Amino acid sequence: AALYWYNVDCPSLLHIGTTTNSEKESGELRVDVDSEFPIYIGNEDDEEDDGDVYLIRVYDRRVEIRREHQDVPMYRIANESSVNILYNQAGSKTHHLVKHAQSRTIGWDVPARPSHLTIRITGEDTTTTKIPFTFDMNRVGLQTEMKHQNGTVSARTEADGPTLVLRIRDVLSDTEWIVLE
């Protein structure tokens, strides 16, 4: 279907939703700039809802939508630590939970905003326990350490083939290292 704007001075922004659940809707995305990105369409009230990640391709003011291939997503968060992580696109109020030892495909809640991901360590009851850190998901090699009540975790942006990954791991203390002689 063709898209028309009655006032060409207004921004060319679009929201995408599902016909089965009116609560599931993407944030705004620009259709006046050629681009390709994953979007997340999920239920804002359920942090554990995987929702659906769709790949959007915008070219010549046309919009193609397809489900993102889960084997080779554009972005992923891999929580290989012993703590739960709460994350969101920087500037978005929608938060998602990735439990310890789990991995999730990332889709942007507001595609018109930069691909920056903010993470926080959460407690057992998913309350935030530490200050957030924000990563530019298009820059490989960014790293930080976050302390929590039982230790420290390291978060680092990496490339895993074509997928850009934010990998979170426990940092071992000096007493936890195994020395082989």
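Anything mentioned here points back to the structure above.
This one's a predicted model, so the numbers in the text were calculated from it and none came from an experiment.

**Quick word on the overall build of the protein**
Then comes step 1: Each helix and strand counted, the protein has 0 helices and 14 strands in total.
Then comes step 2: Reading the secondary structure of the protein in the N-to-C direction produces β-β-β-β-β-β-β-β-β-β-β-β-β-β.
Then comes step 3: When the 181 residues of the protein are sorted by exposure, 41% land in the buried category.
Then comes step 4: If you sum the accessible surface of the protein, you get close to 10900 Å²; carbon and sulfur atoms cover 46% of it.

**Quick look at the nonpolar core**
Then comes step 1: Formed by 19 residues in total, the largest nonpolar core has its most connected members in Ile-77, Ile-85, Ile-106, Leu-117, Ile-119 and Leu-166.
Then comes step 2: Put simply, the parts of the chain that give this core at least two residues each are strand E6 (75–80), strand E7 (84–89), strand E10 (116–122), strand E13 (151–160) and strand E14 (163–171).
Then comes step 3: Dropping the residues within four chain positions of it, Ile-77 is found in contact with Ile-85, Tyr-87, Val-98, Gln-102, Ser-103, Arg-104, Ile-106, Leu-117, Ile-119, Leu-166 and Ile-168.
Then comes step 4: Within the second largest apolar cluster, 7 residues are counted, among which are Leu-14, Val-31, Tyr-54 and Val-58.

**A look at the packing of aromatic side chains**
Then comes step 1: What the rule picks out here adds up to 1 aromatic pair.
Then comes step 2: Look at Tyr-75 and Trp-108: their rings are 5.1 Å apart centre to centre, the planes differ by 65°, and that puts the pair in the edge-to-face class. With Tyr-75 in strand E6 and Trp-108 in the loop between strand E9 (102–105) and E10, this residue pair connects regions lying 33 residues apart in the sequence.
Then comes step 3: A relative accessible area of 5% places Tyr-75 in the buried class.

**Things to note about the sheet that holds E14**
Hydrogen bonding along the main chain pairs the strands of a sheet, whether they run parallel or antiparallel.
Then comes step 1: The mixed open sheet is built from 5 strands, whose spatial order is E9-E6-E14-E13-E12. Two strands close off the open sheet at either side, each with one partner strand: E9 and strand E12 (143–148). The average undirected angle you get between the axes of adjacent strands in this sheet is 20°.
Then comes step 2: By the bridge criterion, 6 bridges tie E12 to E13 in an arrangement that is antiparallel.

**Structural notes on the sheet that holds E7**
Then comes step 1: Pairing is antiparallel across the open sheet formed by 4 strands, whose spatial order is E8-E7-E10-E11. A single partner strand is all that each edge strand has here, and the edge strands are strand E8 (96–98) and strand E11 (133–136). Shown here is a sheet whose adjacent strand axes are inclined to one another by a mean of 30°, direction ignored.
Then comes step 2: Relative to E8, E7 runs antiparallel, the two being bridged by 3 bridges. For Ile-85, the partnering residue across the bridge sits in E8 and is Val-98.

The rules behind the values
Residues numbered from 1 in each chain as written. Predicted model: local features only at pLDDT ≥ 70, side-chain atom pairs only at ≥ 80, totals over all residues. Heavy atoms only, no water. Helix = DSSP H or I, 4+ residues; strand = E, 2+ residues; numbered from the N terminus. Buried < 20%, exposed > 50% of the residue type's maximum accessible area, 1.4 Å probe, protein only. Areas by Shrake-Rupley, 256 points an atom, 1.4 Å probe, with all protein chains shown as cover. Core = buried A, V, L, I, M, F, W, Y, C linked by side-chain atoms within 4.5 Å. Contact = heavy atoms within 4.5 Å. Phe/Tyr/Trp six-rings, centres within 6.5 Å; stacked < 30°, edge-to-face > 60°. Pairing = 2+ DSSP bridges. Axes fitted to C-alpha atoms, helices over the stretch in contact; angles between N-to-C directions.

By themselves, these observations are geometric and do not establish any function.
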